Amino acid sequence: AQSVSQHNHHVILSEAASLELGCNYSYGGTVNLFWYVQYPGQHLQLLLKYFSGDPLVKGIKGFEAEFIKSKFSFNLRKPSVQWSDTAEYFCAVIHGSSNTGKLIFGQGTTLQVKP
Amino acid sequence: KAGVTQTPRYLIKTRGQQVTLSCSPISGHRSVSWYQQTPGQGLQFLFEYFSETQRNKGNFPGRFSGRQFSNSRSEMNVSTLELGDSALYLCASSPGTSSTTQYFGPGTRLTVL
């Protein structure tokens, strides 16, 4: 079955530390890739997305992600985190062109940033 | 544009009852997808509707059903509720064509007692 794996379930960082969250997917064909964030008490918001083209994509709030096709990975990075980045982060994939509305999510990573 | 809206925001039901949740997509969006979010299973895809037709379906029992109206608004129904159906139900809308982004609503928190 198609799946998405996020390796870090709970990450604790101090402010100004660098962040990298891992995401791997199982499908070998065409994929659309996403990172969503859920701040406490808020709904899911899009951080960034990859459809095609430059594998290094930039999103909101200084986040970026790199698509490495050979590794089936789409890792999220931020050079310097802030306390306000405390949230849950979800990697999600759409596999193939016939599954346009079907996001497959990873289990999520809870990020806690200490001031 | 107004975002995705879901009603009601909170619901409490008892086992065996049925429930209907509603989702209004962003204006112009023709696709509505539904997801279930629980602490144990995370975010799981239920189904997607596009132009009033179910286009994709997840691995949920037949007690979970949905429909979409001509104005793209969608409803989700769960019959014969079980305790395990307690969850946050999220709706997302998108234009519905390939390589588009889904935008999520705030969700409906369903508690089954």
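**Let's talk about the pattern of salt bridges**
All names here are of chain B.
Next, step 1: Within this structure, the stated rule accounts for nine salt bridges over all chains.
Next, step 2: For Glu-82, the salt bridge is made with Arg-63, and the minimal N-O distance between the two is 3.6 Å. You can see Glu-82 sitting in the loop between β8 (74-78) and β9 (87-94) and its partner Arg-63 sitting in the loop between β6 (53-57) and β7 (64-68), a full 19 residues away along the chain.
Next, step 3: For Arg-63, a relative accessible area of 16% gives the class buried.
Next, step 4: Residues Glu-75 and Arg-73 are paired through a salt bridge, measuring 3.3 Å at the closest nitrogen-oxygen approach.
Next, step 5: On the basis of relative accessibility, which here comes to 16%, the residue Glu-75 falls in the buried class.

**Considering the side chain of Thr-101 of chain B**
Next, step 1: Within the secondary structure, Thr-101 of chain B sits in the loop between β9 and β10 (103-104).
Next, step 2: Reaching out from Thr-101 of chain B, the side chain makes a polar contact with the side chain of Lys-49 of chain A at a distance of 3.1 Å.
Next, step 3: Non-local contacts of Thr-101 of chain B, meaning those with residues more than four positions away in its chain, are made with Phe-34, Tyr-36, Leu-46, Lys-49 and Phe-51 of chain A together with Ser-93, Ser-94 and Pro-95 of chain B.

**Here we look at the pairing of β9 of chain B**
Within a regular beta strand, the side chains point alternately toward one face of the sheet and then the other, so they alternate between its two faces.
Residues and elements named next belong to chain B.
Next, step 1: Within β9, eight of the eight residues are buried, leaving the element largely enclosed by the surrounding structure.
Next, step 2: By the alternation rule, side chains of β9 split into Ala-87, Tyr-89, Cys-91 and Ser-93 and Leu-88, Leu-90, Ala-92 and Ser-94, which are all buried.
Next, step 3: Taken together, the seven bridges between strand β4 (residues 31-38) and β9 define a ladder with antiparallel strand orientation. What sits directly across from Tyr-35, in β9, is Leu-90.
Next, step 4: Note that β9 and strand β11 (residues 108-112) share three bridges and pair antiparallel.

**A word on unusual backbone geometry**
Next, step 1: In this structure, the amide linkage connecting Thr-7 of chain B to the following residue, Pro-8 of chain B, adopts the cis form with an omega of -10 degrees.
Next, step 2: Along the chain, Pro-8 of chain B turns up in the loop between β1 (5-7) and β2 (10-13).
Next, step 3: Here the phi dihedral of Ala-16 of chain A falls at roughly 80 degrees; this positive angle occurs in a residue that is not glycine.
Next, step 4: In this fold, Ala-16 of chain A is placed in the loop between β2 (10-14) and β3 (19-21).
Next, step 5: A positive phi angle is found at Glu-52 of chain B, which is not glycine, with a value near 70 degrees.
Next, step 6: Within the secondary structure, Glu-52 of chain B sits in the loop between β5 (42-50) and β6.

**Some thoughts on the environment of Asp-85 of chain B**
All names here are of chain B.
Next, step 1: Relative to the elements of secondary structure, Asp-85 occurs in the loop between β8 and β9.
Next, step 2: For Asp-85, a relative accessible area of 4% gives the class buried.
Next, step 3: The contact partners of Asp-85, leaving out residues within four places of it in the chain, are Gln-36, Arg-63, Phe-64, Val-78, Thr-80, Leu-110 and Val-112.
Next, step 4: Among the polar contacts listed, one links the side chain of Asp-85 to the side chain of Arg-63, at a separation of 2.8 Å.

**Re the state of the cysteines**
Residues and elements named next belong to chain A.
Next, step 1: Under the criterion given, the structure shown has two disulfides over all chains.
Next, step 2: A sulfur-sulfur separation of 1.9 Å characterises the disulfide bridge that pairs Cys-23 with Cys-91. Across the S-S bond of Cys-23 and Cys-91 the torsion is about -65 degrees, and the bridge reads as left-handed. Linking Cys-23 in strand β4 (residues 23-25) with Cys-91 in strand β10 (residues 87-95), this pair joins segments that are 68 residues apart in sequence. With respect to class, Cys-23 is no different from Cys-91; both count as buried.

Rules and cut-offs
- Residues numbered from 1 in each chain as written.
- Chains lettered and ligands numbered in written order.
- Predicted model: local features only at pLDDT ≥ 70, side-chain atom pairs only at ≥ 80, totals over all residues.
- Heavy atoms only, no water.
- Salt bridge = Lys/Arg side-chain N within 4 Å of Asp/Glu carboxyl O.
- Helix = DSSP H or I, 4+ residues; strand = E, 2+ residues; numbered from the N terminus.
- Buried < 20%, exposed > 50% of the residue type's maximum accessible area, 1.4 Å probe, protein only.
- Polar contact = N/O pair within 3.5 Å; in protein donor to acceptor, adjacent residues only side chain to side chain.
- Contact = heavy atoms within 4.5 Å.
- Pairing = 2+ DSSP bridges.
- Disulfide = S-S within 2.5 Å.

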